[in-house]
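# Fold and geometry: a report
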Amino acid sequence: MSSSTSISGFTQISISYSNSSTHYIFARAHTSSKKSTSSWPSGRTLFLVNVPPDATERDIILLLKPYGTVEKVLFDSDSPIQGEEDGASSDSEVEEVEEQEEGQHDNDDIDASQPRKRRKLATKKLEPPKVFSLPSIPLRKLRKTGQTAHVIFLDTSSVDRFFSASHAKPRSWPSSSEEPSGLSHYLALYDSLRPPLDAVRQHANSAMDLYEFELAKSKRESKYKKGEAIVDEDGFTLVTRGGAYGRTVGGGVAVATKKFQETGETSERNKKPKKEKTSFYAFQKAEKQRDELIQLKKNWELDKAKVEKLKASRKFKPY
């Protein structure tokens, strides 16, 4: 029998990261009730609690390798809900079938419209340019603290060997040079976020090439082409009114406005002359008030002279 510490049915596994730090993982055998719909196989599944946040599937496999062969490690934070995985796979399969059918229809259209000698050239032109991806460094996925995981062994004897073994002595955590951990993880993350300028330039140029390819493709597939008038089945040309001249959508026949037909000149909107602002500045207001006062005095003197002249020309004859 094992001399491992057991807490509420969980077996305690001591993990030593260094001489001064120890981490504890708790494990028990997975049991599923009859009403449960989980897909974990009972008898060869191990349930782990308090898994390190930077643990990977490879780390768990190396940790449990002495007890047997591990078939699969599934972290509960990453595992999809039952039914979603099957639905996603079925959706992807449907999308692949649709893409194949669309590609087949496109090839049929090309084959029917072009001679046999030019079919290969046409299919090559339709291939979009490849976008070069930025260089990436394999990094660990950091999950939340205290995560859980399910470990599925290849046989039930591996689970029995795990619980019969002693876990009192701390074990060292397996490390991988391919995926750095600790401070090395953040240094690698810093370097991955700052790729070389040559790689960035190549990625940007290839992305722009793809954008221009898609833009040219949309123009080729559009029925409105520059320089060509759009004529419907009845022989009528599609015309739109714009500016002094009407214009067709693609070019060609133009329709003039009424003013152009009468005078032969392009129509221009009557622009009102700009009025100068006379009372914008303070000195303009003062000059305006002074001029009005002077004009008022002049008018007063003229009116006064007219009155005096009328008085002088009046003769009083009572009899």
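For every chain, the first residue of the written sequence is number 1, and numbering continues from 1 along that sequence. Under the rules for a predicted model, residues below a pLDDT of 70 receive no local features and side-chain atom pairs below 80 are neither given nor counted, while totals for whole chains, interfaces and linings still include all residues. Where side-chain values are given, they derive from all heavy atoms of the structure, hydrogens and water being excluded.

Take the packing of aromatic side chains next. Working definition: a ring pair exists when centres of Phe, Tyr or Trp rings (six-membered ring for Trp) sit within 6.5 Å. Plane angles under 30 degrees give stacked, over 60 give edge-to-face, the rest tilted. Enumeration according to the criterion identifies four aromatic pairs in this entry. Consider the rings of Tyr67 and Phe162, whose centres lie 5.2 Å apart with planes at 85°: the pair is edge-to-face. Residue Tyr67 is found in the loop between helix H1 (57-63) and strand S5 (70-75), and its partner Phe162 is found in helix H4 (residues 156-164); the two are separated by 95 residues along the sequence. Three labels apply to residues, based on accessible area from a 1.4 Å probe with only protein chains included: buried if under 20% of the type maximum, exposed if over 50%, partly exposed otherwise in between. Since its relative accessible area comes to 9%, Tyr67 is described here as buried. The exposure class of Phe162 is buried, given its relative accessible area of 1%. Between the aromatic rings of Phe162 and Phe163, the centroid separation amounts to 5.1 Å while the plane-to-plane angle is 80°, which identifies the pairing as edge-to-face. Grouped by ring-pair contacts, the aromatic residues Tyr67, Phe162 and Phe163 constitute a single cluster. The ring of Phe75 carries Arg143 above its face, with NZ or CZ at 4.0 Å from the centroid. For the purposes of this entry, the term helix denotes a DSSP run of H or I that reaches at least four residues, the term strand denotes a run of E that reaches at least two, and both are numbered from the N terminus. Charge over a ring is defined by NZ of Lys or CZ of Arg lying within 6 Å of the ring centre and within 35 degrees of the ring normal.

Here the focus is the side chain of Ser158. Within the element layout of this structure, Ser158 appears in helix H4. Under this definition, polar contacts are N or O atom pairs within 3.5 Å; protein pairs additionally need one hydrogen-donor-capable and one acceptor-capable atom, and for neighbouring residues in sequence, both atoms have to be side-chain atoms. There is a polar contact of 2.5 Å between the side chain of Ser158 and the side chain of Asp155. The contact criterion used is simple: two residues touch if any of their non-hydrogen atoms lie within 4.5 Å. In this view, Ser158 contacts Tyr67, Gly68, Thr69 and Phe153; residues no more than four positions away in its chain are not counted.

A word on the pairing of strand S6 (residues 147-153). In regular strands, side chains alternate between the two faces of the sheet. The buried fraction of S6 amounts to seven of the seven residues, a majority that puts the element mostly inside the structure. Residues Gln147, Ala149, Val151 and Phe153 of S6 are buried on one face, and the alternating residues Thr148, His150 and Ile152, pointing to the opposite face, are buried as well. Each pair of strands is called paired provided DSSP finds at least two bridges between the two strands. Judged from the six bridges that link them, strand S4 (residues 45-51) and S6 form a sheet pairing that is antiparallel. In the sheet register, Leu46 faces S6, and the bridge partner there is Val151. Summarising the sheet, S5 and S6 pair through five bridges and their orientation is antiparallel. Bridging from a neighbouring strand, Phe75 pairs with Ala149 of S6.

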